[in-house]
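Residues per chain are reported as follows:
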Amino acid sequence: LEFRRVLFRSRRVDAGPLPERVVSFGGAGLLLQTCFVYFFSAVLKNSPDWRTDGTAIYYALNVDPLTSDLGRWLLQYPLFCRWMTHAVFWLEAAGPFLAFSPVRTQQLRFLCAALFIGFHVGLTVFMRLGTFPYISETSWIPFLPAFFWNGLARAAGPRLGDWTERFSERVGARLRASRLAIVYGPTDPGPTQVSRWGSVLAAAALAYVLIWNMRTIRVFPREY
């Protein structure tokens, strides 16, 4: 319990408006581990079905137990399936870099999140993959930039603000009850930040995930 208190200890920072940009190893890990999934998936797509012939999606839709009625209908258009195969490959290969573009970062990050969410919506429509597309769509929500959430708040009005405040209070109550963090309540609404050891743990976890993914493409020798 004492270790958890040190690891997740929160510190009060100066009062003021909440920033629209937060930089931390935890935030980097949240975003990068999603990008790793797609980039390394593209690296592993090294067969002609993906890189030259463009027949991967057509073959995937021929796996009858995984294909929906709309997917079977799409088989009538092999040329479209070929275009989509190349589009998916380049989206997975270039999308993770697009999400971290130093130029027009918010706009390109929004575009990237929209493209990947749309890609997984397409998987949901044309194939039966269980919860996989929904989990993948959720992983792109943190990429939606501040202007999206600010616009959503303006469009939804005060009702959304009331709902999010109640939700935050419930989450804070759970965290206080679990003693994983010191969370300031409504009477002391200062923002919090993770302790130094929490940042070290996040950086180590991020490095581990990167190395694990690199091992899948045999950058490092496997041990048997």
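Not measured: the values here are computed from a predicted model.

Scanning the protein chain from N- to C-terminus turns up eleven helices and zero strands. Counting from the amino terminus, helix and strand elements in the protein chain follow one another as α-α-α-α-α-α-α-α-α-α-α. Considering the protein chain as a whole, with its 224 residues, one finds that 25% of them fall into the buried category. Residue pairs in contact within the protein chain that sit at least 24 positions apart in sequence constitute 70% of those at least 6 positions apart.

What follows is about the packing of aromatic side chains. A full pass over the atoms with the stated rule returns 14 aromatic pairs. Aromatic side chains Phe100 and Phe143 sit 6.4 Å apart centroid to centroid with 80 degrees between the ring planes, which places their arrangement in the edge-to-face category. Placement of Phe100 in the loop between helix 6 (78-98) and helix 7 (105-126) and of Phe143 in the loop between helix 8 (132-139) and helix 9 (146-156) is noted, with a sequence separation of 43 residues between them. Residue class for Phe100 comes out partly exposed when judged on its relative accessible area of 34%. Their ring planes at 35 degrees and their centres at 5.9 Å tell us that Phe110 and Phe148 sit as a pair that is tilted. Of this pair, Phe110 sits in helix 7 while Phe148 sits in helix 9, placing them 38 residues apart in sequence.

Here we come to helix 6. Compared with an ideal rise of 1.5 Å per residue, which puts 21 residues at 30 Å, helix 6 spans 29 Å between its outermost C-alpha atoms and is within 8% of the ideal. All of the buried residues along helix 6 are Cys81, Thr85, Val88, Phe89, Leu91, Glu92, Ala93, Gly95 and Pro96. The inward-facing, buried residues of helix 6 contact helix 2 (25-44), helix 3 (48-51), helix 4 (56-61), helix 5 (69-74) and helix 7.

In this section: the packing of helix 7 against helix 8. Viewed as axis vectors pointing N to C, helix 7 and helix 8 meet at an angle of 170 degrees, and their least axial separation amounts to 9 Å. Looking at the two axes, helix 7 sits roughly antiparallel to helix 8. Of the residues in helix 8, those in contact with Ile117, His120, Val121, Leu123 and Thr124 of helix 7 are Phe132, Pro133, Tyr134, Ser136 and Glu137. Looking at the contact of helix 7 with helix 8 residue by residue, the class counts come to six nonpolar, three polar and one charged.

Mapped onto the fold, Ser101 is located in the loop between helix 6 and helix 7. Note on Ser101: relative accessible area 15%, which makes it buried. A distance of 2.9 Å separates a polar side-chain atom of Ser101 from the backbone oxygen of Val103.

With that settled, the discussion passes to the pattern of salt bridges. Taken as a whole and judged by the stated rule, the model has three salt bridges. For Glu92, the salt bridge is made with Lys45, and the minimal N-O distance between the two is 2.8 Å. Here Lys45 lies in the loop between helix 2 and helix 3 and Glu92 lies in helix 6, a separation of 47 residues in the sequence. Across the pair, Lys45 and Glu92 agree in class, each one buried. A salt bridge links Arg72 to Asp69; the nearest nitrogen and oxygen atoms lie 2.8 Å apart. Of this pair, Arg72 and Asp69 both sit in helix 5, three residues apart, roughly one helical turn. Arg72 gets classed as partly exposed once you look at its relative accessible area, which sits at 31%.

Of all hydrophobic cores here, the largest spans 25 residues; its most connected members are Leu61, Phe116, Phe119, Trp140 and Phe143. Elements with a minimum of two residues in this core: helix 2, helix 4, helix 6 and helix 7. Setting aside its immediate chain neighbours within four residues, Phe143 contacts Leu31, Thr34, Cys35, Ala99, Phe100, Arg109 and Ala113.

A few words now on the environment of Ile57. In this fold, Ile57 is placed in helix 4. Between the C-alpha atom of Ile57 and that of Arg82, which follows or precedes it by 25 residues, the distance is 7.2 Å. When near neighbours in sequence (up to four residues on either side) are disregarded, Ile57 contacts Cys81, Met84, Thr85 and Val88.

Criteria and thresholds
Residues numbered from 1 in each chain as written. Predicted model: local features only at pLDDT ≥ 70, side-chain atom pairs only at ≥ 80, totals over all residues. Heavy atoms only, no water. Helix = DSSP H or I, 4+ residues; strand = E, 2+ residues; numbered from the N terminus. Buried < 20%, exposed > 50% of the residue type's maximum accessible area, 1.4 Å probe, protein only. Contact = heavy atoms within 4.5 Å. Phe/Tyr/Trp six-rings, centres within 6.5 Å; stacked < 30°, edge-to-face > 60°. Expected span 1.5 Å × (residues − 1). Axes fitted to C-alpha atoms, helices over the stretch in contact; angles between N-to-C directions. Parallel < 35°, antiparallel > 145°, perpendicular 65-115°, else oblique. Nonpolar A, V, L, I, M, F, W, Y, C, P; charged D, E, K, R; others polar. Polar contact = N/O pair within 3.5 Å; in protein donor to acceptor, adjacent residues only side chain to side chain. Salt bridge = Lys/Arg side-chain N within 4 Å of Asp/Glu carboxyl O. Core = buried A, V, L, I, M, F, W, Y, C linked by side-chain atoms within 4.5 Å.

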